[in-house]
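# Overview (structure and organization)
Residue-level listing of the chains:
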Amino acid sequence: MRVDKLLANMGYGTRKEVKKLLKGGGVHLDGQPIKDGKVQVNTDEQEVTVHGEIVEYKPYVYLMMNKPKGVISATEDIEHHTVVDLLELEDAVYNPFPVGRLDKDTVGFVLLTNDGKLSHELLSPKKHVPKTYVAKVRGTVTADDVSQFKEGVELDDGYITKPAELIIHEAGEYSQIELTISEGKFHQVKRMFEAVGKKVVELKRISIGPLALDESLEEGEYRELTDEEVDLLQAGRGE
Ligand code: URA
């Protein structure tokens, strides 16, 4: 990769700023100063420093966010804040995007990455990557609902859902439930409960595939996935 592209990707400024940085002699490749942005760098074998500091090159970033209410899971929106607006510049420079969508009023686990291949695989309907939600539901959720969700329920557009696992934590005027689905139709959890005459009033996603939301993350906070978590996601993407 060209050194100017590498530095721009790693957040050292725009192409123009990087050019200036190179010209000023602040950049070294394996200890030798380089001024030409066109110089090719092998990131596996060579070391680039900026003002003596090693540039840790990584092509991808993987972030686990606990999305708060009122924020859109998109990269831009003219009216509302997006999950990308919540990122620090050092993470935003990788141009990550959310993998799939949560509704504006849904909270919980959003994965952000710039790894298009992984995103595609996690979202592919063929891969059946499970996602688990907890919800507060208006109405008494019953064993019959558990059976119906296992069989598949008919949504308002006639679509029959794939088998889903419903666990009742509390049943009453308002019920607390946990639901695992392996597909991602628009407003799916809300529409599944509508199909059995109930209403989701609070919804939180707590896991995606093999990864559970880190409970130490407050709403609006995020952290990078560990290498082990990235491996788990890549292994568990349903091949
Ligand atoms: N199902 C919904 O209804 N909403 C979400 O945000 C996610 C799943």
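Residues numbered from 1 in each chain as written. Predicted model: local features only at pLDDT ≥ 70, side-chain atom pairs only at ≥ 80, totals over all residues. Heavy atoms only, no water.

### Comments concerning the packing of aromatic side chains
Our working definition: Think of it this way: a Phe, Tyr or Trp ring, Trp meaning its six-membered ring, pairs with another when their centres are within 6.5 Å, and the plane angle makes it stacked under 30 degrees, edge-to-face over 60, tilted otherwise. In this scheme, a residue with accessible area under 20% of its type's maximum is buried, one over 50% is exposed, and one in between is partly exposed, where area comes from a 1.4 Å probe on protein chains only. The numbering of helices and of strands both runs from the N terminus, where a helix is a DSSP run of H or I of at least 4 residues and a strand a run of E of at least 2. Only when the NZ atom of a Lys or the CZ atom of an Arg is both within 6 Å of the ring centre and within 35 degrees of the ring normal do we say a charge sits over the ring.
Going through the model one piece at a time under the given rule, you end up with 2 aromatic pairs. Ring geometry for Tyr-60 versus Tyr-62: centroids 6.3 Å apart, planes at 55°, classification tilted. For Tyr-62, a relative accessible area of 9% translates into the label buried. A centroid spacing of 5.0 Å and a plane angle of 65° characterise the contact between Phe-149 and Phe-193, whose relative ring orientation is edge-to-face. With Phe-149 in helix H5 (residues 143–151) and Phe-193 in helix H6 (residues 188–195), the pair connects residues that are 44 residues apart, well separated along the chain. Neither Phe-149 nor Phe-193 differs from the other in exposure class; each is buried. Taking the ring centre of Tyr-174 as reference, the NZ or CZ of Lys-136 above it sits at 5.1 Å. Of note, Lys-185 hangs over the ring of Tyr-159, and the distance from its end group to the ring centre comes to 4.6 Å.

### A look at the domain arrangement of the protein chain
Frequently, the measure chosen for interface size is the accessible area removed from exposure when the parts meet. Selection criterion: Segmentation into domains, and thus their bounds, comes from an automatic or database assignment.
When its domains are assigned, the protein chain resolves into domain 1 (3–54), domain 2 (62–125 + 214–235) and domain 3 (131–208). Domain 1 and domain 2 are separated by 29 Å when their C-alpha centres are compared.

### Digging into the environment of His-187
As for its position among the elements, His-187 is in the loop between strand E10 (174–181) and H6. As for His-187 and Arg-101, which are separated by 86 residues in sequence, their C-alpha atoms are 9.4 Å apart.

### A short note on the site of the ligand
Our working rule: In these notes, residues near a molecule or strand are those with any non-hydrogen atom within 4 Å of it. Residues adjacent in sequence count toward polar contacts only when both atoms are side-chain atoms; beyond that, a polar contact is any pair of N or O atoms within 3.5 Å, and within protein one must be able to donate a hydrogen and the other to accept it. All accessibility values rest on the Shrake-Rupley procedure with a 1.4 Å probe; residue burial counts only the protein chains present in the view. Residues are grouped as follows: Ala, Val, Leu, Ile, Met, Phe, Trp, Tyr, Cys and Pro are nonpolar; Asp, Glu, Lys and Arg are charged; all remaining types, including Gly, are polar.
In the vicinity of the ligand, the contacting residues are Leu-102, Asp-103, Thr-106, Tyr-133, His-187, Gln-188, Val-189, Lys-190 and Leu-203. A distance of 2.7 Å is found between an oxygen atom of the ligand and a backbone nitrogen or oxygen belonging to Asp-103. Between Thr-106 and the ligand, the recorded distance is 2.8 Å, taken from a side-chain N or O atom to an oxygen atom. Protein contact buries 96% of the 240 Å² of open area that the ligand shows by itself. Counting residues per element, the shell around the ligand draws most heavily on H6, which supplies 3 residues. Its residues assigned to classes, the shell around the ligand shows 4 nonpolar, 3 polar and 2 charged. When residues of the shell around the ligand are sorted by domain, at least three fall in each of domain 2 (62–125 + 214–235) and domain 3 (131–208).

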